[in-house]
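# Fold and geometry: a report
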There are 2 protein chains.
Amino acid sequence: MAIKLAFVLFPNLTQLDFTGAVQVLSRIPGAETHVAAKTLAPVPTDCGFSIVPTTDFLTCPQADLICVPGGHGVEQALEDEDTIAFVAQQATAAKYASSVCTGALLLGAAGLLNGKKATTHWAYTSLLPLFGARHEDARVVRDGALITAGGVTAGIDFGFTVVAEIAGEAVARNIQLGLEYDPKPPFENGSPKIASPASVIKVSAGFENRVNILKSIIEKL
Amino acid sequence: MAIKLAFVLFPNLTQLDFTGAVQVLSRIPGAETHVAAKTLAPVPTDCGFSIVPTTDFLTCPQADLICVPGGHGVEQALEDEDTIAFVAQQATAAKYASSVCTGALLLGAAGLLNGKKATTHWAYTSLLPLFGARHEDARVVRDGALITAGGVTAGIDFGFTVVAEIAGEAVARNIQLGLEYDPKPPFENGSPKIASPASVIKVSAGFENRVNILKSIIEKL
């Protein structure tokens, strides 16, 4: 089962959007993992370190699954023609187009969300209809060939869902045991539905400006 | 609160051991994040891509918390004097010495596990007593200044535990909401205690040779 995976990097991505998903998906037996960016130069992440791509957009082979992470850098990536063209072009022949977090907005800019159900980071779900998508409130949402995940850490749950789809549940379970994915969050505060009201108010306020910036960028696309 | 964090990279680390923990910890307000390796050259990970360190062992400032990830590359790192010396030297003045997955073995080689309770990836817990440590069966184990986490994804739970310790529970909860850490594994197979017997047998068999190799390396240290 020689499945080809392609992940898209752009400056100032939220690195765990990518690194969580790739840790799970790259363990599919026989998987070929391509990490593609505009050039081969190291790509700075939100955590201070950079990631070196394995290929650039021009030389990346056609993938069976393309996965787009999110992060603050989505603001610039939305207006970057090469990045959007790469996503659109890969998606035409890939079996699956997928995203983690606000990577969904890049799928939207590539025309892949129109008429689809999808999700993104909880703070940004109001932006999905700007691309003709209908938000579905789930950690991982599938609509045909389109698979979108919620914010950041949802990329790990997404990974296991996709492994099961591609390679079967037994393989997904074995990878889960290998990665000791038996999460035990010390607090229950990971979604607005269960977080403390004070936390929701504070964290939402921090995202408000970002949502507005993205809205105005998307409306001009 | 200008806390200095230092993460140790070495070739062929399991990248999510590092990337999960750093995504959480680097969001502590005022945190300074240093990613240190033997040289400034990109460090290859288990997922095909490389990570660029922000500093090398010689120039990394003294950290308040040092965190060591694991992975197959631990076999070589255990015998690398520079890596072990860096861990030992940082740990003498750091407030916390910590590890994710088999990074615990590098703490052990640096003399930090002797007489302590600790944990590591479930498949490798039998190696902890070789360093004088007592395995405690928990996802995150604290013994004074020493904080060790279980395999790979445990680094995320570890991250939130440490944020709460350093910056308080309210800050940890806000970061959790920002990272949408409300895990929903599609399967319950993340530890040998809950995994299917067939999966435990198959996955354990895959680790057996690695455990034996590490045992013989550790016995010769």
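Right, let's walk through the structure included here. (Residues numbered from 1 in each chain as written. Chains lettered and ligands numbered in written order. Predicted model: local features only at pLDDT ≥ 70, side-chain atom pairs only at ≥ 80, totals over all residues. Heavy atoms only, no water.)

Taken as a whole, this structure holds 22 salt bridges over all chains when the rule is applied. We note a salt bridge from Lys38 of chain B to Asp82 of chain B, for which the minimum N-O separation is 3.6 Å. You can see Lys38 of chain B sitting in the loop between β2 (32-37) and β3 (43-44) and its partner Asp82 of chain B sitting in helix α3 (residues 81-93), a full 44 residues away along the chain. One connected set of salt bridges, linked through shared partners, spans Lys38, Asp80 and Asp82 of chain A. (Salt bridge = Lys/Arg side-chain N within 4 Å of Asp/Glu carboxyl O. Helix = DSSP H or I, 4+ residues; strand = E, 2+ residues; numbered from the N terminus.)

Time to look at the environment of Gln89 of chain A. Assignment of secondary structure puts Gln89 of chain A in helix α3 (residues 81-93). C-alpha separation for the pair Gln89 of chain A and Phe18 of chain A, spaced 71 residues apart in sequence, amounts to 20 Å.

What follows covers the sheet that holds strand β7 (residues 96-99) of chain A. Residue and element names in this part refer to chain A. Reading across from one edge, β5-β2-β1-β6-β7-β11-β10 is the order of the seven strands in this open sheet, with mixed pairing throughout. Looking at which strands have only one partner, the edges of the open sheet turn out to be β5 (55-56) and β10 (140-143). Note that strand β2 (residues 32-37) and β5 share two bridges and pair parallel. For Ala37, the partnering residue across the bridge sits in β5 and is Asp56. The sheet strands contacting helix α1 (residues 15-25) are β1 (4-8), β2 and β6 (65-68), and the helix crosses β1 at an angle near 170°. (Pairing = 2+ DSSP bridges. Contact = heavy atoms within 4.5 Å. Axes fitted to C-alpha atoms, helices over the stretch in contact; angles between N-to-C directions.)

Okay, the sheet that holds β3 of chain B next. Ordered in space as β3(A)-β4(A)-β4(B)-β3(B), the four strands form an open sheet in which the pairing is antiparallel. Edge positions in the sheet fall to β3 (43-44) of chain A together with β3 of chain B, since each of these pairs with one other strand and no more. Bridge count for β3 of chain B against strand β4 (residues 50-52) of chain B is two bridges, and the pairing is antiparallel. Bridge pairing in β4 of chain B places Val43 of chain B opposite Ile51 of chain B.

Next up on the list: the pairing of β7 of chain A. Residues and elements named next belong to chain A. Burial along β7 is two-sided: Tyr96 and Ser98 facing one way and Ala97 and Ser99 facing the other are all buried. Note that β6 and β7 share four bridges and pair parallel. Residue pairing across strands places Cys67 opposite Ser98, the latter belonging to β7. When β7 meets strand β11 (residues 146-149), the two strands line up parallel, connected through three bridges. Residue pairing in the sheet places Ser98 in a bridge with Ile147 of β11. (Buried < 20%, exposed > 50% of the residue type's maximum accessible area, 1.4 Å probe, protein only.)

All names here are of chain B. Within the secondary structure layout, His72 lies in the loop between β6 (65-68) and α2 (74-77). For His72, a relative accessible area of 32% puts it in the partly exposed group. Once residues lying within four places of it in the same chain are set aside, the contact partners of His72 are Asn12, Thr14, Tyr124 and Arg210.

What follows covers helix α1 (residues 15-25) of chain B. The buried fraction of α1 of chain B amounts to 11 of the 11 residues, a majority that puts the element mostly inside the structure. The complete set of buried residues in α1 of chain B reads Gln15, Leu16, Asp17, Phe18, Thr19, Gly20, Ala21, Val22, Gln23, Val24 and Leu25 of chain B.

Moving on, we come to the interface of chain A and chain B. Listed by partner, the interface residues are 62 residues for chain A and 62 residues for chain B. Summed over both partners, the interface of chain A with chain B buries about 5100 Å², with 61% contributed by carbon and sulfur atoms. When the buried surface of chain A facing chain B is broken down by residue, Leu177, Glu180 and Phe187 of chain A rank first, second and third, together holding 16% of it. For the pair chain A and chain B, the interface holds 37 residue pairs in polar contact (both at pLDDT 80 or more). Put simply, the parts of the chain that give the side of chain A that touches chain B at least two residues each are α1, β2, β4 (50-52), α5 (154-167), α6 (169-178) and α7 (197-220) of chain A. Note that β4 of chain A and β4 of chain B share three bridges and pair antiparallel. If you follow Ile51 of chain A over to β4 of chain B, its bridge partner there is Ile51 of chain B. (Buried area = accessible area lost by both parts, 1.4 Å probe. Polar contact = N/O pair within 3.5 Å; in protein donor to acceptor, adjacent residues only side chain to side chain.)

All names here are of chain A. Contact pair α5 / α6: the axes reach a minimum separation of 7 Å and the direction vectors enclose 140°. When the axes of α5 and α6 are compared, the crossing they make is right-handed. Note on element contacts: α6 touches α5 through Glu169, Val171, Ala172, Ile175 and Gln176, opposite Phe160, Val163, Ala164 and Ala167. The residue makeup of the contact of α5 with α6, split by class, is seven nonpolar, one polar and one charged. (Left-handed = near helix turned anticlockwise from the far one by under 90°. Nonpolar A, V, L, I, M, F, W, Y, C, P; charged D, E, K, R; others polar.)

The next point concerns the packing of aromatic side chains. In the structure shown here, the tally under the stated rule is 12 aromatic pairs over all chains. Ring centres of Phe57 of chain A and Phe86 of chain A lie 4.4 Å apart, and the angle between their planes is 15°; this geometry places the pair in the stacked category. With Phe57 of chain A in the loop between β5 and β6 and Phe86 of chain A in helix α3, the pair connects residues that are 29 residues apart, well separated along the chain. For Phe86 of chain A, a relative accessible area of 1% gives the class buried. Both rings, one in Phe7 of chain B and one in Phe18 of chain B, keep their centres 5.5 Å apart while their planes meet at 70°; by these two values the pair is edge-to-face. Linking Phe7 of chain B in strand β1 (residues 4-8) with Phe18 of chain B in helix α1, this pair joins segments that are 11 residues apart in sequence. Neither Phe7 of chain B nor Phe18 of chain B differs from the other in exposure class; each is buried. Within the aromatic cluster, the residues linked to one another by ring pairs are Phe7 and Phe18 of chain A together with Phe49 of chain B. (Phe/Tyr/Trp six-rings, centres within 6.5 Å; stacked < 30°, edge-to-face > 60°.)

Rotating chain A by 180° about the axis while translating it 0.0 Å along that axis superimposes it on chain B, leaving an RMSD of 0.0 Å. Such a turn and shift between the copies fits a two-fold axis. Among all C-alpha atoms of chain A, that of Ile51 of chain A lies closest to the rotation axis, at 2.3 Å. The fraction of interface residues of chain A whose copies in chain B are also interface residues reaches 100%, indicating that both copies meet through the same surface. (Least-squares fit on C-alpha atoms with pLDDT ≥ 70 in both.)

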